[in-house]
Structures are given as C-alpha cells and as structure tokens.
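Results of the structural survey
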Amino acid sequence: MPRELTQNRIQKIWIPSRDDKPAIPRSSGGPHLTNSPTVIVMVGLPARGKTYIAKKLTRYLNWTGVPTKVFNVGEYRREAVNYNSYDFFRPDNQDAMKIRKQCALAALRDVKSYLSEEGGQLAVFDATNTTRERRDMILSFGKENGFKMFFVESVCEDPSVVETNIMEVKVSCPDYKDCNRTDAMDDFLKRIECYRASYQPLEPDHYDKDLSFIKVIDVGRRFLVNRIQDYIQSKIVYYLMNMHVQPRTIYLCRHGESEHNLRGQLGGDSGLSPRGKKFARALLGYLKEQNQKNLKVWTSQLKRTIQTAEALDMPYEQWKALNEIDAGVCEDMNYEEVKERYPEEFALRDQDKYHYRYPTGESYQDLVQRLEPVIMELERQENVVVVCHQAVMRCLLAYFLDKSADEMPYLKCPLHTVLKLTPVAYGCKVESIYLNVNAVNTHRDRPEDIKKGPSTLMRRNSVTPLASPEPTKKPRMNSLDDHMASTSSALPVRMASDIPTSLPGQPWLGKACLT
C-alpha cells in the first residue's frame, strides 16, 4: 500500500508517513544524487592550479547543496614529516616514496569515511597523481567501495603562468616558511622536475580511453572532455569551463532605500525614497573613482534596482534571476503583520530560515538554485556591478566567502553600502564601503531564543579567507603504526616494518591530525 503523505511545515514539501507519523526528512536539504558517491581525482604537475580548482569547485558544489570536501594529500604529508628540500620528491628516494604512498592511503581512508559514513556526496582527492600506477590504485579503491571516479587534469606549459602561481601561492606555503623567496622558487622548480620525470598524462585515445575526465589546458584556453557519466559530472565540466583566473573586481550592493524599506514591508515593487535616489548618485561617483575598464552593470527586473542603475549613466542588463526572494502570501507585509496574521509561519521561519519556504513563495534554498546561472556568468565575466536585493546579495556573498547555509540568511548586507570583492588565490578579499547616505536598517538578527544548532548543509571545504570557522576537526591519523593497522584491505599496503620511521632530516611528527 502506498504510504500517506504529510507536508513538511518548514519546506512545504511532501514526505511519506510511517505508522501515521511523518518520516524523518533527510539530514541535508540539498539535492540527493541518485547515483553512487563520486571521487574527483586531481591530476597534474605541481603549480598547475590543482588546489585552486579543487577548492573553488568544492565551494561551488557546497553552495548548491551538494556536500563536498577536499582531501589534500600535501597536508597529510606536512603533518607526517618536516620538509627540507626537493630531494624528498626524487623518484629514486625509495624511503620518501613509501611515506608519500602511506599519506595517500590515509587520505583515501578518510575519503571512504566521508562518503560512506559522514553524509558526503563528493570528495575531491587533491594530489599530483601523475603516474598510472597511482591512478590505478585509486581506481581500485573506487571499485572496491562502489564510488564513481572523475579525473580533472590541469595541463600548463606556459612558464609565466607557472612562475606566477609559484610566487603567489607556493613560496608562502608551510614548506618554505623559513626560506627566502628566491631559494623557495629554485627548490620548487626542482621539485616540479622530479615529478616531470615520471609524469604520465591521461591518454584519451589509448590507456585512459574508458575513464571519465576533463583536461583543462593552459588555464582554460582549451578543454578535452572524455566519457561523462552523469549529471553531476556534466555540472562539474560546465563549471570548470566557465572559470578563469584573470584579475577582476565584483561590486555587490543593494538598491537605494525604497519606499517599502521605510515602511518595513517585505518584497513588493516600490520605487526609491529620496535618500535612495541620493545613494544612486553617490554610487555613480564611487564607480567613477574606481575607474574600472569595461565595467558591466546587472540589476533585477524590479523598479528599485532599475532606478538605482538609471543614475549610473551606463548600460545595464536586467536579470529576472536577481529579483528579491518571493515572500508569497507575506508580500507587502511588515514583520509585525506577518506575526499577527501567520504566527505559525513566523515561528517556523525563525527555526530554519534557510529551508523555510513562504506559503506560495520561496526559500533561501530555492533562491540559491535560481541564482546558479548568475554565479556561472559571474565566473565568466571580469568587472561587474550587481545591484540587487538583501536576500539575493546574501546568497551571492555566501558563494564568494564560502559561508554555510546556516550563516547565509543572517549575513549583514546593509543599504547604501558597496561590498568590493576581489578573488585571490584560495578565497576572496572583501572590502565594505559605506557611501555616507543614511538609510533604515533592514537587518533582522537571529532570535536569541533560537538555538544555533549544526547546519544541515554544513560547509565541508577547508578554511578559506574570510570564511567562518570549521567545526571541530577529528584526528585523522594518530601515528603511522595506527594508520597501518586500520588501512582498508582493499588498498595495497606495506607492513609497518617496511616503512622508515624517519628520513635524513625528515623526522616523523609525534601526532598527525589530518584533514
């Protein structure tokens, strides 16, 4: 017999009942993949942007509601040994090769735990993975555990791009904390040559013809895509094909203060107040001072953003996707009216603001899905001004700053303030510029009587600049011996007695808490 359906009061979705009681909804409010969990395997020489791609892709997938986490083997290695020089990466350094392999195995063990026990749907295995032997080991791991494999290879032979990446990221990494930049650059170039000696690129016409992968060539100048298996892989390919690394600036701001803002009303399509029009003129002056070339302006299709853009004296593009969140039956009401007329809805929204859907309206979760094309186009563009609305701006800001679903609805995006975003290596720099035009405060804090519990869409990426703190991290590998005893039998493992406890100048650390 088909089970009875009960409507979830917060999300307004139908769920089956069990024994006349509503079934417990899934722990994550994001899309659930009908296919097996996927491991995204990075491939390429050092300084080819693999970690940049891994972190950015993870941030995007988490923002869309797909729980994803990066497992960077370099972090495992840094916790295991102290780095002295490129000699550690020489292919004839057998002792170091054993240690590097065990670090990879430790990371794969954590990938398995994340995808099998912790609710993860995608794991990004961030390492060079430059040999067929290593990739075959990862494929065996995936087959044993029922995981799909998707390879992302970054290929770049432009010396200027490689040198820039080394200088901006690599020479400041923990490996070179006590080293001057010149010596660090020299050592890292020698490290690359150690990998190059054994590098076996993916071969779409021969050895690797049956694998699913994308080659990103010369930082997106060209792509090669092979055997895409499902929707999530096509989604990843589409995102990677829209990324670029050119310097750019994104300006986010709300429309000028509106008549509805003055009255505390939700949504609607009112025009600007006198102070809102003053802000629009101030915004014009600020953008002229910025003197950005080829600056584009985007607005929603609502009157207040269009009036703001009209004052800028430059062409603008209207996006329906940028319209404010639809408050449904609560449109044009203020919060006191909502509380009086719909007390249950008012309380439900406070309980879970991200997932709460207004009757006949939208939730923040809906808004994220609506804004996905905007994010994709922002990744393609260079300098852009986005004139939008409070909830919309929160969603966009959460993407760039890697904020969780729990934090997103409470991000502060005040009127008459411009947020200047500048993408940097592994995150985004943000500057807040108030344009000295008074406005009402439309921010509503999280009610104090609502306990802040764990987010159902917990951000699973490693920490990025300006992001919120991660949850407490659990130890990954207490010692080499402990790890050797617990490594999956499905993976090739050497006995602990075969692994050196130290290398010349490379002592094992007492503890290794790895992420």
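Just so you know, these numbers come straight off a predicted model, no measurement behind them. (Residues numbered from 1 in each chain as written. Predicted model: local features only at pLDDT ≥ 70, side-chain atom pairs only at ≥ 80, totals over all residues. Heavy atoms only, no water.)

Here we look at the packing of aromatic side chains
The final tally for this structure, using the stated rule, is 13 aromatic pairs. For the ring pair Tyr 83 and Phe 89, a centre distance of 5.9 Å and an interplane angle of 45° mean the geometry is tilted. Assessed through its relative accessible area of 5%, Phe 89 is described here as buried. An aromatic cluster is present here, built from Tyr 83, Phe 88, Phe 89, Tyr 176, Phe 188 and Tyr 195 joined pairwise through their rings. (Phe/Tyr/Trp six-rings, centres within 6.5 Å; stacked < 30°, edge-to-face > 60°. Buried < 20%, exposed > 50% of the residue type's maximum accessible area, 1.4 Å probe, protein only.)

A look at helix α13 (residues 364–380)
Spacing of three or four residues puts side chains on the same side of an α-helix, whose turn is 3.6 residues. Between its first and last C-alpha atoms α13 spans 24 Å; for 17 residues at 1.5 Å apiece the expected length is 24 Å, and the two agree. At Leu 371, α13 shows its maximal kink, close to 40°; a proline, Pro 373, follows between one and four residues later. With 13 of 17 residues buried, α13 lies mostly within the body of the structure. Backbone nitrogen of Gln 365 and a side-chain oxygen of the N-cap are separated by 3.3 Å at the start of α13; the cap is Ser 363. (Helix = DSSP H or I, 4+ residues; strand = E, 2+ residues; numbered from the N terminus. Expected span 1.5 Å × (residues − 1). Bend = angle between axes of the 7 residues up to and from the residue. Polar contact = N/O pair within 3.5 Å; in protein donor to acceptor, adjacent residues only side chain to side chain.)

With respect to helix α9 (residues 274–290)
Along its 17 residues, α9 runs 25 Å from first to last C-alpha, staying within 8% of the 24 Å computed at 1.5 Å per residue. For α9, the set of buried residues is Gly 276, Phe 279, Ala 280, Leu 283, Leu 284, Tyr 286 and Leu 287. Immediately downstream of α9, the backbone of Asn 291 shows phi near 50°, a positive value.

Structural notes on the pairing of strand β15 (residues 427–434)
With 8 bridges connecting them, strand β14 (residues 417–424) and β15 associate as antiparallel partners. Within β15, the position partnered with Val 418 by the bridge is Ile 433. Hairpin connection, β14 to β15: the antiparallel pair is bridged by 2 residues. (Pairing = 2+ DSSP bridges.)

Quick look at the sheet that holds strand β12 (residues 317–318)
Across the sheet, 6 strands lie side by side as β12-β11-β13-β10-β14-β15; this open sheet has mixed pairing. Bordering the open sheet on either side are β12 and β15, each of which pairs with just one other strand. In this sheet, β12 lies alongside strand β11 (residues 296–299) in parallel orientation, the contact comprising 2 bridges. By the bridge assignment for β12, Thr 299 is matched with Gln 318. Packing against the sheet, helix α14 (residues 390–401) makes contact with β10 (250–254), β13 (384–388), β14 and β15, and its axis sits at approximately 150° to β10. (Contact = heavy atoms within 4.5 Å. Axes fitted to C-alpha atoms, helices over the stretch in contact; angles between N-to-C directions.)

A look at the sheet that holds strand β8 (residues 213–217)
The strand order β5-β6-β4-β7-β8-β9 describes an open sheet built from 6 strands, whose pairing is mixed. Each edge of the open sheet is held by one strand with a lone partner, namely β5 (68–72) and β9 (222–226). In this sheet, adjacent strand axes meet at a mean angle of 15° when their direction is disregarded. In this sheet, β9 lies alongside β8 in antiparallel orientation, the contact comprising 5 bridges. Note that in β9 the partner of Val 216 across the bridge is Phe 223. Sitting on the sheet, helix α4 (residues 132–145) is in contact with β4 (38–43), β6 (122–126) and β7 (148–155), with an inclination near 155° to β7. On top of the sheet, helix α7 (residues 231–242) reaches β4, β6, β7, β8 and β9; it is set at about 15° to β7, its chief contact.

Describing the packing of helix α3 (residues 94–117) against α4
Interaxial distance between α3 and α4 falls to 12 Å at its minimum, and their mutual angle equals 25°. Between α3 and α4, the angle falls in the class roughly parallel. By crossing handedness, the relation of α3 to α4 is classed as right-handed. Each of Arg 100, Lys 101, Ala 104, Leu 105, Leu 108, Val 111 and Lys 112 in α3 lies in contact with α4, whose residues at this interface are Arg 134, Met 137, Ile 138, Phe 141 and Asn 145. Tallied by class, residues from the contact of α3 with α4 come to 7 nonpolar, 1 polar and 4 charged. (Parallel < 35°, antiparallel > 145°, perpendicular 65-115°, else oblique. Left-handed = near helix turned anticlockwise from the far one by under 90°. Nonpolar A, V, L, I, M, F, W, Y, C, P; charged D, E, K, R; others polar.)

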